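Below are the chains, spelled out letter by letter.
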Amino acid sequence: MVLYGQIVMGAPGAGKTTYCDGMQQYLRLLGRECLVVNLDPANEVPYPTASGDDNEPEKGGDCGDAKLDDQGNNEESGNAQLPYETVLDVCEDIISLDAVMQELQLGPNGGLLYCMEYIEHHLLEVMNLLKERLNMQDGQKSGGSDRPYLLFDLPGQVELTAHSNVVSRIAQRLVRELDMRLVCVQLVDAAVCLTDVAKFIGAALVCTSSMMRIELPCVNVLSKMDLLQASTGIDTSRVGQSDGSDEDDFEYADSAQLPFNLEFFTQCHDLHRLVDYLDSSPLDLMNHSHDEVDEFDYTEDPEYQKAQQKTRSTNFFRKYHKLHHELCDLVEDYGLLSFLPLSIQDAESVGRVLARIDKCNGYVFLRDASAMAKKSDKSNMQDMFSSAMVADSEWGAGVLADVQERYLGNSMFREDIAELKTNAKDQKR
């Protein structure tokens, strides 16, 4: 039986656990049976004890031998306090990071790498346990409606992909031995990266490297789009409330913290244009109230301009810019990277991301084939492939514009019509 699923990756704090929880709920609303496999040995929550004794040992696997639970009941497997329902939790059934750190005296990163290598070494036992809990050993479930959709929640440390092939080897064995159709979903925190040019360039480099090392179809996602408004300080409640004057439009334009619009960050073309904004200090990107702008604009202070000129003339500054320019060229030369914006609280946003994922792992063909099987006309097979090719066609310029207006407002950006913005300020004075 062919299984479909996602491997969820991303930096710590990018929202992997929240993504798995939201995606599981969304898929179940669509009628798909979705289960989560927690492969993060550090993603553990202590079980509450009946006596309330916090010193009682946690239910975690020993690092010396694999303790696999033979029970096939889903309710008894997985950590009860994780936000999603798990079919297998390595912290409970295989190995936990705390146990490794205590017994082997390893740090967090070294302990996590040991845990993942331990899981790889005992992957056959892990897959047998997963088959048992999915009732797959005798191939009972063969119908399309009974296929469980699996989400694999992985740890986010970059060492696992940058300095080791353990994640790639685990993914390849899952594909080969369980006959799975997997897609790697890489999450990047939009609220952090889009407001810091250097962080976005670094995230683009890490995503490109992971795409080549993981050797799976990849979908890169800008998560936490709903938090981007709070990070930029843009008041989207003012959208559509201006009095129609040009000055009001440009006042609102000055509140934009991002150097470019959302389409620039999703398409990842001409990334070297970001290098010009590396020297922007946090104050340059900080939103100011209009009263503060009227009172004093520190960027026009001669002392400030002199200090900026001195900084830009240093040897370190030139090398710093050259380094990031080369990194941008490296990402552009491969031409693999693009992002999809996601707000996990928005069902429409989740649906668009899921449509792209279904196209990558082939689930869209399974869905269309089930519908076409009820019809006898063989020409419907051509319609199936045609609909699959346009399954995610909703990601047009208009959709990105709507997403940008929802989370960033209709403001101008720092690249847009700088001369007109300057004239608008002069007219106010």
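Computed from a predicted structure; not experimentally measured.

**Notes on the sheet that holds strand β2 (residues 34-38)**
Inference 1: Strand order in the open sheet made by the seven strands is β3-β2-β4-β1-β5-β6-β7, with parallel pairing throughout. Of all strands in the sheet, those bounded by a partner on one side alone are β3 (86-89) and β7 (339-341). Going across the sheet, the axis of each strand differs from the next one's by a mean of 25 degrees, ignoring polarity.
Inference 2: Relative to β7, strand β6 (residues 218-223) is paired through three bridges, and the arrangement is parallel. Each residue of the ladder has a partner; that of Val221, found in β7, is Leu340.
Inference 3: Helix α5 (residues 123-133) rests against β2, β3 and β4 (149-153) of the sheet, and its axis sits at about 160 degrees to β3.

**Describing the side chain of Thr208**
Inference 1: With respect to the helices, strands and loops of the structure, Thr208 is situated in helix α9 (residues 197-214).
Inference 2: Polar contacts involving the side chain of Thr208 include one to the main-chain carbonyl oxygen of Ala204, which spans 2.9 Å.
Inference 3: Setting aside residues no more than four positions away along its own chain, Thr208 makes contact with Val331, Tyr334 and Leu337.

**Details of the layout of surface pockets**
Inference 1: Of the pockets and cavities examined, the second largest pocket occupies roughly 370 Å³.
Inference 2: Forming the walls of the second largest pocket are 24 residues, and the residues nearest its centre are Gly10, Ala11, Gly156, Leu187 and Val206.
Inference 3: At the level of secondary structure, the elements contributing two or more residues to the lining of the second largest pocket comprise β1 (3-10), α6 (159-162), β5 (180-189) and α9.
Inference 4: In terms of residue count, the dominant contributor to the lining of the second largest pocket is α9 (five residues).

**What about the environment of Leu134?**
Inference 1: Within the secondary structure, Leu134 is located in the loop between α5 and β4.
Inference 2: Judged by its relative accessible area of 4%, Leu134 is buried.

**Topic: the pattern of salt bridges**
Inference 1: One pass over the structure, following the stated rule, counts nine salt bridges.
Inference 2: Close ionic contact of Glu177 with Arg173 constitutes a salt bridge, the shortest N to O distance being 3.0 Å. Separated by four residues within a single helix, Glu177 and Arg173 lie in helix α7 (residues 166-177), roughly one turn from each other.
Inference 3: Using a relative accessible area of 34% as the deciding quantity, one classes Glu177 as partly exposed.

**Examining empty space enclosed by the protein**
Inference 1: In this structure the tally under the stated criterion is two cavities of 30 Å³ or more.
Inference 2: The element contributing the most residues to the lining of the second largest cavity is α5, with four residues.
Inference 3: Here the lining of the second largest cavity is built from residues that sort into nine nonpolar, no polar and no charged.

**Regarding a nonpolar patch on the surface**
Inference 1: Residues Met212, Leu330, Tyr334 and Leu336 make up a contiguous nonpolar surface patch of roughly 350 Å² in combined accessible area.
Inference 2: Classification of Leu336 by relative accessible area gives partly exposed; the value is 41%.

**A closer look at the nonpolar core**
Inference 1: Core analysis: the largest hydrophobic core is formed by 72 residues, its most contacted members being Phe152, Leu194, Phe200, Leu271 and Leu274.
Inference 2: When residues in this core are grouped by element, the largest group, eight residues, is from α9.
Inference 3: Look past the residues within four positions of Phe152 in its chain and what remains in contact with it is Gln6, Ile7, Val8, Val37, Leu39, Leu174, Met180 and Leu182.
Inference 4: Tyr4, Tyr149, Val350 and Leu366 belong to the second-largest nonpolar core, a separate cluster that totals 28 residues.

**Topic: the packing of aromatic side chains**
Inference 1: Tallied over the entire structure, the rule returns nine aromatic pairs.
Inference 2: Aromatic pair Tyr114 and Tyr118: ring centres 6.4 Å apart, planes at 20 degrees, arrangement stacked. Taken as a pair, Tyr114 and Tyr118 lie in helix α4 (residues 108-121) at a separation of four residues, close to a single helical turn.
Inference 3: On the accessibility criterion, Tyr118 (7% relative accessible area) is buried.
Inference 4: Summarising the aromatic geometry, the rings of Phe200 and Phe339 are spaced 5.9 Å apart at their centres and angled 50 degrees between planes, so their arrangement reads as tilted.

**Comments concerning helix α17 (residues 347-361)**
Inference 1: Look at α17: 21 Å from first C-alpha to last across 15 residues, which is about the 21 Å you get at 1.5 Å a residue.
Inference 2: All of the buried residues along α17 are Ser349, Val350, Arg352, Val353, Leu354, Ala355, Ile357, Asp358 and Asn361.
Inference 3: Where α17 begins, one side-chain oxygen reaches toward the backbone nitrogen of Glu348, 3.2 Å away; that side chain belongs to Asp346.

**Side note on the pairing of β5**
The side chains of a regular strand alternate between the sheet's two faces.
Inference 1: Summarising burial for β5: nine of the 10 residues are buried, a large majority.
Inference 2: Relative to β6, β5 is paired through six bridges, and the arrangement is parallel. Residue Gln186 lies in a different strand from β6, and its bridge partner there is Asn220.

**Remarks on the confidence of the model for the protein**
Inference 1: Here the protein shows a mean pLDDT of 74. Residues at 70 or above account for 65%.
Inference 2: Throughout residues 137-144 the model reports pLDDT below 50, and contacts reaching past four residues in sequence, or to other chains, amount to nine contacts.
Inference 3: Here residues 416-424 scores under 50 on pLDDT; set against residues more than four positions off or in separate chains, the count is eight contacts.

**Focus: the side chain of Arg32**
Inference 1: Within the secondary structure, Arg32 is located in the loop between α1 (16-29) and β2.
Inference 2: Overall, the relative accessible area of 11% leaves Arg32 in the buried class.
Inference 3: Engagement of the side chain of Arg32 in a polar contact is seen with the side chain of Asp358, the distance being 2.6 Å.

**Quick notes on unusual backbone geometry**
It is generally the case that most residues other than glycine have a negative phi and that most peptide bonds are trans.
Inference 1: For Glu215, which is not a glycine, the phi torsion comes out positive at approximately 55 degrees.
Inference 2: Here Glu215 is to be found in the loop between α9 and β6.

**Observations regarding the packing of α4 against α7**
Inference 1: Orientation of α4 relative to α7, taken along the N-to-C sense of each, is 25 degrees, at an axis distance of 10 Å. In terms of orientation, α4 and α7 fall into the roughly parallel class. Of the two elements, α4 crosses α7, and the hand of that crossing is left-handed. Residues Leu113, Met116, Glu117, Ile119 and Glu120 of α4 touch α7, and the partners they reach there are Val166, Arg169, Ile170 and Arg173.
Inference 2: Tallied by class, residues from the contact of α4 with α7 come to five nonpolar, no polar and four charged.

Thresholds applied
Residues numbered from 1 in each chain as written. Predicted model: local features only at pLDDT ≥ 70, side-chain atom pairs only at ≥ 80, totals over all residues. Heavy atoms only, no water. Pairing = 2+ DSSP bridges. Helix = DSSP H or I, 4+ residues; strand = E, 2+ residues; numbered from the N terminus. Axes fitted to C-alpha atoms, helices over the stretch in contact; angles between N-to-C directions. Contact = heavy atoms within 4.5 Å. Polar contact = N/O pair within 3.5 Å; in protein donor to acceptor, adjacent residues only side chain to side chain. 1 Å grid on protein atoms, 1.4 Å probe; cavity = no way out; pocket = protein on both sides within 12 Å on 5 of 7 lines; lining within 4 Å. Points joined across faces, edges and corners; volume = space filled by probe spheres on them. Buried < 20%, exposed > 50% of the residue type's maximum accessible area, 1.4 Å probe, protein only. Salt bridge = Lys/Arg side-chain N within 4 Å of Asp/Glu carboxyl O. Nonpolar A, V, L, I, M, F, W, Y, C, P; charged D, E, K, R; others polar. Patch = residues over 30% accessible without salt bridge, like charges linked within 9 Å, V, L, I, M, F, W, Y side chains within 5 Å. Areas by Shrake-Rupley, 256 points an atom, 1.4 Å probe, with all protein chains shown as cover. Core = buried A, V, L, I, M, F, W, Y, C linked by side-chain atoms within 4.5 Å. Phe/Tyr/Trp six-rings, centres within 6.5 Å; stacked < 30°, edge-to-face > 60°. Expected span 1.5 Å × (residues − 1). pLDDT = per-residue confidence, 0-100. Parallel < 35°, antiparallel > 145°, perpendicular 65-115°, else oblique. Left-handed = near helix turned anticlockwise from the far one by under 90°.

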